[in-house]
Amino acid sequence: MQITKVTCPTSKYSIKCPYEMTPEFLIIHNTANDASAMAEISYMIGNNNKTSFHVAVDNERVVEGLPFNRNSWNAGDGGNGKGNRKGISIEICYSKSGGERFEEAENLCASYVAYLLKQYGWGIEKVTKHQDYSGKYCPHRTLDMGWERFLNKIREHLEIQTTPVEEIKDEGSGGDEPVRRYVNGSTPENCYSNWQCTNKIGSLNPRESCDCFGEFKGRAMIRYKVDGKDDYKIAFCKWLGGIK
């Protein structure tokens, strides 16, 4: 299981996660679209909407976007609601279309949830759903397929989980190492939501400089401003020469 940590800039805390939190349980969501985990976290961190969540899981990786000692606006139960103030919120990707990708994402999420339960010393009763806090039918596809079925997946992982967790170092403010820089070359550079560089989401101008989290699977992983505004996206670039 691979866990990538992409830290939300502290400048966004007042919007995305304004309160300190000691987590007490997990909250499961479905994204209701077909974006990857990195795209979900990138969009969530980059925009100025209040809606937020801690983690997104797709069929390849787990991406953590908010620190677990800060709240998120995920549960729809108000400013002092238990869901919004006490839960680690987890989004399962690819739930709009479902199918094999979603089933794989749900399986990876079950493994990750088991990992978190072990980390916190919690039992299966700490796994809750969005519906428990606001009545919204979410996680919709997981509920359609059977909530107890999903809990049983977690129970299986609690018994047999032996897969080591590969953690990418904490990127962004608050990490143990300073964020590096990425300086683009003399031509525009495309930016992609995935390390395979198949889904273009933007571009860098010639000589544009931005934050860089180093190399990941042979790609430069960056955080850049969108159209020069105070909105950020996490992306991958093919050219490694810009890493400084």
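If you're wondering where the values come from, they're calculated on a predicted model, not measured in any experiment. (Residues numbered from 1 in each chain as written. Predicted model: local features only at pLDDT ≥ 70, side-chain atom pairs only at ≥ 80, totals over all residues. Heavy atoms only, no water.)

**Focus on the nonpolar core**
Ile-28, Ile-90, Tyr-112, Val-113 and Ile-154 are the most contacted members of the largest nonpolar core, which has 50 residues in total. In contact with Ile-154, other than residues within four places in its own chain, are Ala-110, Val-113, Ala-114, Leu-117, Ile-124 and Val-127. Ranked by size, the runner-up nonpolar core spans 11 residues in total, among them Cys-210, Ile-222, Tyr-224 and Ile-243. (Core = buried A, V, L, I, M, F, W, Y, C linked by side-chain atoms within 4.5 Å. Buried < 20%, exposed > 50% of the residue type's maximum accessible area, 1.4 Å probe, protein only. Contact = heavy atoms within 4.5 Å.)

**Side note on the environment of Asn-80**
Secondary-structure assignment places Asn-80 in the loop between strand E4 (62-64) and helix H3 (82-86). Residues Asn-80 and Ile-201, spaced 121 residues apart in sequence, show a C-alpha to C-alpha distance of 35 Å. A polar atom in the side chain of Asn-80 sits 2.9 Å from the side chain of Arg-85. (Helix = DSSP H or I, 4+ residues; strand = E, 2+ residues; numbered from the N terminus. Polar contact = N/O pair within 3.5 Å; in protein donor to acceptor, adjacent residues only side chain to side chain.)

**Focus: helix H4 (residues 99-120)**
Helical periodicity: at 3.6 residues per turn, an α-helix aligns residues three or four positions apart in one direction. Taking 1.5 Å per residue as the helical rise, H4 with its 22 residues ought to reach 32 Å, and the 32 Å between its terminal C-alpha atoms agrees with that figure. Following H4 by one or two positions, Gly-121 has its phi on the positive side, about 70°. (Expected span 1.5 Å × (residues − 1).)

**Notes on the environment of Ile-88**
Residue position: Ile-88 is located in strand E5 (residues 87-92). The buried category is assigned to Ile-88, whose relative accessible area is 0%. Through-space distance from the C-alpha of Ile-88 to that of Thr-22 is 9.5 Å; in sequence the pair is 66 residues apart. Excluding anything up to four places from it in sequence, Ile-88 contacts Met-21, Pro-23, Phe-25, Leu-26, Ile-27, His-54, Phe-68 and Tyr-120.

**Regarding the confidence of the model for the protein**
Scored by pLDDT, the protein has a mean of 87; 90% of the residues are at 70 or more. Of the regions scoring below 50 in pLDDT, residues 161-177 engages in 41 contacts with residues more than four places distant in sequence or in other chains. (pLDDT = per-residue confidence, 0-100.)

**Description of the pairing of strand E11 (residues 209-216)**
Among the 8 residues that make up E11, 6 are buried, leaving the element largely enclosed by the rest of the structure. The pairing of strand E8 (residues 180-183) with E11 spans 4 bridges and is antiparallel. Across the sheet, residue Arg-180 finds its bridge partner in E11, namely Cys-212. Between the antiparallel neighbours E11 and strand E12 (residues 219-225) lie 2 residues, among them Lys-217 with a positive phi of about 50°. (Pairing = 2+ DSSP bridges.)

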